[in-house]
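Architecture at a glance
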Amino acid sequence: MAALAGAVFTGCSNNEELMGTQQSALPEDGVIRIATQVNRLVTTRATTAYTGTTLGLYIKPTETASWDNTSDKYTYPNVVFSTTDGGTTWTQNEFTSMLWKGEDVNYVYYAYAPANPVAMDDKVTYDLSQQASQTEVKNDLLWASDENTASALVTNQKLNITFDHALCKVAVEIELGDEFYQNNVTDNPIQNVDISTTRISGSLNVLTGKLEADANATGTLAFAIADDGHTAGTATTHGTYTTPYIFYAPGSEQFTVTITTTNGRKFGYTHGESYDFVKGDQYLIKLKMGKDVLQLDGITVEDWQEAEMPNGGKLETE
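Starting afresh in each chain, residues are numbered from 1 along the sequence in its written order. Note on the predicted model: pLDDT of at least 70 is required for a residue's local features to be given, and 80 or more for side-chain atom pairs to be given and counted; whole-chain, interface and lining totals, by contrast, use all residues. Each side-chain value is worked out from all heavy atoms of the structure, with water and hydrogens disregarded.

A short note on the packing of aromatic side chains
We call Phe, Tyr and Trp rings a pair once their centres come within 6.5 Å, taking the six-membered ring for Trp, and we label the pair stacked below 30 degrees between planes, edge-to-face above 60, and tilted otherwise. Scanning the entire structure with this criterion turns up 9 aromatic pairs. Aromatic pair Phe 277 and Tyr 283: ring centres 5.1 Å apart, planes at 75 degrees, arrangement edge-to-face. One exposure class covers both Phe 277 and Tyr 283, and it is buried. Through a chain of ring-to-ring contacts, the aromatic side chains of Tyr 248, Phe 255, Tyr 275, Phe 277 and Tyr 283 assemble into a single cluster. The side chain of Lys 60 reaches across the aromatic face of Trp 67, ending 5.2 Å from its centre. Lying across the ring of Tyr 245, Lys 169 places its NZ or CZ 5.6 Å from the centre. Each residue's exposure class comes from its accessible area (1.4 Å probe, protein chains only) as a fraction of the maximum for that residue type: buried when under 20%, exposed when over 50%, partly exposed otherwise. Two limits define a charge over a ring: the Lys NZ or Arg CZ must be within 6 Å of the ring centre, and within 35 degrees of the ring normal.

Following this line, the structure appears as structure tokens:
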């Protein structure tokens, strides 16, 4: 993973409230600087560095009602930062300087990634239908928020932004029945694997952290099919096929997994009861396939993993 990302915004402060002493939690020049990280494991709260190339930040004193920067020079709405060197240097071009008002001033901030410079109604859109040939960080949707005094929000004189994953991930593991290994055939028999969803696209409200599906967001998501996901069976064990993970919008819903084999046979499993997919978790749907039947063998919930994702961490669907 890349080193911890830090963003520096140049400028100077004429505000006498700003410290300038060694005891102050804020930097002597009063400039807002940030450090970013991502909660990777939901249960243990371990974090990793944010390795994306853009992020957006809303930050203002809590007492300021509006996000209008023209009425309060310490209010900064939807400032887009970008990096071209893996997070060593972050730049923004919207403000000459971004300054703290004072270390005892209450602040609220909202951050999201990747950034959208034209967020409408403070919402950024997501679309899970096109996950082909994209790395995880491009598909991922992150959000963070906090409210406290400026001094409490900073660590080592930097605004400490810890993102949470706004999406979850899903993969399918298929146990292949005896019929797929008759006549010593050991090739991968899986051609397509799809999962249904009612939240294939939608938006994230940056100021609340809530996802909202589009009106016509019902459809199917395709998993990548690659031979390295296949383990051939033996005379005494069944073979398996495990898809790479894809991103999936959290929420409670019924779903259907459809599997097509290389000889054109279709197998389907419908989870008749609503299942609660939680943001930041990854789910492995385990199915048994054989004799024209596809049965559920369980759904395991795991901590979010980057390095151990199937297919080398790629989320490809073609």
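Focus on the pairing of strand E22 (residues 281-290)
For a regular strand, the rule is simple: side chains alternate between the two faces of the sheet. When you tally the buried positions in E22, you get 8 out of 10 residues, the bulk of the element. In this analysis, strands are considered paired if DSSP registers two or more bridges between them. Secondary structure elements are taken from DSSP: a helix is a run of H or I of four residues or more, a strand is a run of E of two residues or more, and numbering for both begins at the N terminus. Alignment of strand E12 (residues 168-176) against E22, held across 8 bridges, turns out to be parallel. What sits directly across from Lys 169, in E22, is Gln 282. Taken together, the 10 bridges between E22 and strand E23 (residues 293-303) define a ladder with antiparallel strand orientation. Within E23, the residue paired with Gln 282 across the bridge is Glu 302.

A word on the pattern of salt bridges
In what follows, salt bridge is the name for a side-chain nitrogen of Lys or Arg lying within 4 Å of a carboxyl oxygen of Asp or Glu. Counting across every chain of the model gives 5 salt bridges. Arg 33 is the salt-bridge partner of Asp 29, the closest N and O atoms lying 2.9 Å from each other. Of the charged contacts in the structure, one is a salt bridge between Lys 101 and Glu 63, with a shortest N-O distance of 3.1 Å. With a gap of 38 residues between them, Lys 101 in the loop between strand E5 (76-82) and strand E6 (106-113) and Glu 63 in the loop between strand E4 (54-61) and E5 connect regions that are remote in the sequence.

Thoughts on the pairing of strand E13 (residues 190-197)
Here 5 bridges tie E13 to strand E20 (residues 251-261), and the two strands are oriented antiparallel to one another. From the neighbouring strand, Ile 195 faces E20, where its bridge partner is Val 257. Two strands pair when backbone bridges link them, and E13 and strand E16 (residues 219-222) are joined in this way by 4 bridges, in the antiparallel orientation. For Asp 194, the partnering residue across the bridge sits in E16 and is Ala 222.

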